[in-house]
Amino acid sequence: MSKTIFEHSTPGRKGYTLPKSDIDIPLGEIIPKEYLRESDARLPEVSELDVMRHYIMLSHKNHFIEKGLYPLGSCTMKYNPKSHEAIVRQSCFANTHPYQPENTLQGSLAIMYELQKDLSEISGMAQVTLQPSAGAQGEFTGIKIVSAYHKAKGNTHKTKIIIPDSAHGTNPATCSLVGYDVVELKSDANGRCDMEHLRSIVDDSIAGFMLTNPSTLGLFETQLEEIAELIHSVDGLIYMDGANMNALLGIVQPGKIGFDIVHFNIHKTFSTPHGGGGPGSGPVGVVEKLVPYLPVPIVSKNEDGYYLDYSHEDTSIGKMHTFYGNFAVAVRAYVYIKMLGAKGLRRAGENAIINANYLMTRLKDYYHITHLEYCMHEFVADSSWQKKENKVTTLDIAKRLLDKGFHAPTVYFPLIVPEAMMIEPTETESLESLDAFADAMIEIAQEAKENPELLFEAPLTTPVRRVDDVRAVKVLDPKFSFEA
Ligand SMILES: *Cc1c(COP(=O)(O)O)cnc(C)c1O
């Protein structure tokens, strides 16, 4: 391993000199003794260049979209335009305060108002809240709305929500958090909802149905009309997990095909660097009859301008986030939508679909693919051929991809496909980079035949070799150690 910045330390070397303190009183007299360190901290003494090299070196040990393709299925790791970062850091956005008087915040409110409207249009919903701070919190907001709707109607017997077995893991977690029992719906041989099973489980105790669409298999659910009729016939509500909206942009409006509630993952679809803890944003759109339950405030407009609208406070599920949500993520989404326009958004969606289908077609002779039909923005391959022939697993393949300069796909998900590799290239990748990834995957398929031991050892070139994933989570030790 290369030297750490601590080991580079040279006594007396400086990167920065603090200005002379203008406080005459010794620190020991201002700060109570118990808060003072007993001896000096062991900080490295380094120059500015040492620091720069250290951080650049560290950043290159990680994977990021600017370094290579990042086909993490369902996560939509597209390239995020740098212009958004410049815009969102402008002082007119960065230095506003949510407690400022409304008349000094008209620009910011206009952005939120416009974004609510654009997301309503994209989703075909009546109104959108920008408050939830991520997809999972959007789900929580949506299912709280389901609960509020039934409570208002006196539907106390509705205790269950149906979720397909291909759903994203956050869906059942969300329902449990709100207090619902989850009924798992089987997928049929085509990877769609098993309608016969659905008919057998729909009764008056059903509060709603939660569908990830396109599903985590990268398939569009084609039986929506029938599903909607069935669920609505028992006064259930249909929720769409719209984190995969990337594939539907300008093509499908969920509100027009039977869905009552949808959440967006605007940090995915509308471009904010995400992963590693956020920040995100998970706006929720609802049909007209559910608008009274949305969190307060939403942004409205009258003859005096834009304002924070608390008018439905009595029926609202309350607040989901301090103030009005993660504003900086909203600004990036607003810029993304306005820069692309309606046509551009549709092209982004179409290209995401074309890129995924191109990769699937290039890989289908080398990896088993259960659902070999046109996919949406992602598809699920698996390593069942490799496992059967040479005991090479999806984990081995994922680790080997790191050696070849690519991030691995999402692995072992969805759970209904053993050894799954969920591949989402996104629309921002060029034909050349798609080909480079396909070539690497094909090379790995050959290595699996000729030299499986190599794959069991992978990754060979990363700063940290194969880690014990379980121990890394359970016995997390993030501190620097001189002994390492
Ligand atoms: C990413 C994702 C979520 C969760 O979103 P977070 O912003 O990570 O909370 C939910 N559902 C699907 C289908 C997703 O891809």
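Residues numbered from 1 in each chain as written. Predicted model: local features only at pLDDT ≥ 70, side-chain atom pairs only at ≥ 80, totals over all residues. Heavy atoms only, no water.

1. As for the packing of helix α11 (residues 327–363) against helix α14 (residues 431–450)
For the pair α11 and α14, interaxial distance at closest approach is 10 Å and the crossing angle is 30 degrees. Judged by the angle between their axes, α11 and α14 are roughly parallel. Here the hand of the crossing between α11 and α14 comes out right-handed. Touching N355, Y358, L359, R362 and L363 of α11 are L431, L434, D435, F437, A438, D439, M441 and I442, all from α14. Tallied by class, residues from the contact of α11 with α14 come to 9 nonpolar, 1 polar and 3 charged. (Axes fitted to C-alpha atoms, helices over the stretch in contact; angles between N-to-C directions. Helix = DSSP H or I, 4+ residues; strand = E, 2+ residues; numbered from the N terminus. Parallel < 35°, antiparallel > 145°, perpendicular 65-115°, else oblique. Left-handed = near helix turned anticlockwise from the far one by under 90°. Contact = heavy atoms within 4.5 Å. Nonpolar A, V, L, I, M, F, W, Y, C, P; charged D, E, K, R; others polar.)

2. Some remarks on the domain arrangement of the chain
The extent of an interface is frequently quoted as the accessible surface area lost upon association of the parts. Parsing the chain into structural domains produces domain 1 (1–52), domain 2 (83–339) and domain 3 (343–473). Put simply, the middle of domain 1 and the middle of domain 2, counted by C-alpha atoms, are 47 Å apart. (Domains from an automatic or database assignment.)

3. Some details on the sheet that holds strand β12 (residues 420–423)
Read from one edge of the open sheet, 3 strands run β10-β12-β11, paired in antiparallel fashion. This sheet does not close on itself; its edge strands, each paired only once, are β10 (379–382) and β11 (410–411). By the bridge criterion, 2 bridges tie β11 to β12 in an arrangement that is antiparallel. When the bridges of β12 are listed, T410 appears paired with M422. (Pairing = 2+ DSSP bridges.)

4. Overview of the site of the ligand
The full set close to the ligand counts 14 residues, and S74, G135, A136, D241 and K268 are the nearest of them. Note that a nitrogen atom of the ligand is positioned 2.6 Å from one of the side-chain N or O atoms of D241. Taking K268, its side chain carries an N or O atom lying 2.7 Å from an oxygen atom of the ligand. Surface burial for the ligand is 85%, taken as the share of its 380 Å² of free accessible area covered by protein chains. The dominant element in the shell around the ligand, judged by the number of residues it contributes, is helix α6 (residues 135–152), at 3 residues. When its residues are assigned to classes, the shell around the ligand shows 3 nonpolar, 8 polar and 3 charged. (Near = heavy atom within 4 Å. Polar contact = N/O pair within 3.5 Å; in protein donor to acceptor, adjacent residues only side chain to side chain. Areas by Shrake-Rupley, 256 points an atom, 1.4 Å probe, with all protein chains shown as cover.)

5. Comments concerning the sheet that holds strand β1 (residues 127–129)
Strand order in the open sheet formed by 7 strands is β1-β7-β6-β5-β4-β2-β3, with mixed pairing between adjacent strands. The open sheet is flanked by β1 and β3 (181–185), the only strands paired with a single partner. Neighbour-to-neighbour, the strand axes of the sheet open up by a mean angle of 25 degrees, direction not taken into account. Pairing of β1 with strand β7 (residues 284–286) involves 3 bridges; the strand directions are antiparallel. Opposite T129, over in β7, you have V284 as the bridge partner. Across the sheet, helix α5 (residues 106–123) is in contact with β1 and β6 (261–264); its angle to β1 comes to roughly 120 degrees. Packing against the sheet, helix α9 (residues 224–233) makes contact with β2 (160–164), β4 (206–212) and β5 (237–242), and its axis sits at approximately 135 degrees to β5.

6. Looking at the packing of α6 against helix α7 (residues 170–178)
Viewed as axis vectors pointing N to C, α6 and α7 meet at an angle of 45 degrees, and their least axial separation amounts to 9 Å. In this view, α6 runs oblique relative to α7, as classed from their interaxial angle. Crossing angle aside, the handedness with which α6 passes α7 is right-handed. Only T170, N171, T174, C175, L177 and V178 of α7 make contact with α6, whose side of the interface consists of A136, E139, F140, I143, K144 and S147. Residue classes in the contact of α6 with α7 are distributed as 6 nonpolar, 4 polar and 2 charged.

7. Let's talk about a nonpolar patch on the surface
On the surface, I23, I25, L27, I30, I31, Y35 and L36 cluster together to form a nonpolar patch covering roughly 690 Å² of accessible area. With respect to the helices and strands, the residue I31 is situated in the loop between α1 (27–30) and α2 (48–60). The exposure class assigned to I31 is partly exposed, which follows from its relative accessible area of 31%. (Patch = residues over 30% accessible without salt bridge, like charges linked within 9 Å, V, L, I, M, F, W, Y side chains within 5 Å. Salt bridge = Lys/Arg side-chain N within 4 Å of Asp/Glu carboxyl O. Buried < 20%, exposed > 50% of the residue type's maximum accessible area, 1.4 Å probe, protein only.)

8. Side note on the packing of aromatic side chains
Applying the stated criterion across every chain, the model contains 7 aromatic pairs. An angle of 55 degrees between the planes, with centres 5.3 Å apart, marks the rings of Y113 and Y306 as tilted. Taken together, the residues Y113 in helix α5 and Y306 in strand β9 (residues 305–309) connect sequence positions 193 residues apart. The burial state of Y113 is the same as that of Y306; both residues are buried. Measuring from centroid to centroid gives 6.2 Å for F270 and Y336, while their planes differ by 75 degrees, and the two rings are edge-to-face. Of this pair, F270 sits in the loop between α10 (266–269) and β7 while Y336 sits in helix α11; the two residues are 66 residues apart in sequence, bridging distant segments of the chain. On the basis of relative accessible area, Y336 is assigned to the buried category, the value being 8%. Through a chain of ring-to-ring contacts, the aromatic side chains of Y99, F323 and Y324 assemble into a single cluster. (Phe/Tyr/Trp six-rings, centres within 6.5 Å; stacked < 30°, edge-to-face > 60°.)

9. Details of the pairing of β4
Across the 7 residues that make up β4, a large majority, 7, are buried. Examined bridge by bridge, β2 and β4 share 3 bridges and lie parallel to one another. Each bridged residue has a counterpart across the sheet, and for I161 the counterpart in β4 is G208. Judged from the 5 bridges that link them, β4 and β5 form a sheet pairing that is parallel. Among the inter-strand pairings, G208 is bridged to a residue of β5, identified as L237. A crossover connection joins β4 to the parallel β5 through α9; in handedness this β-α-β unit is right-handed. (Right-handed = clockwise from strand over helix to strand, strands pointing away.)

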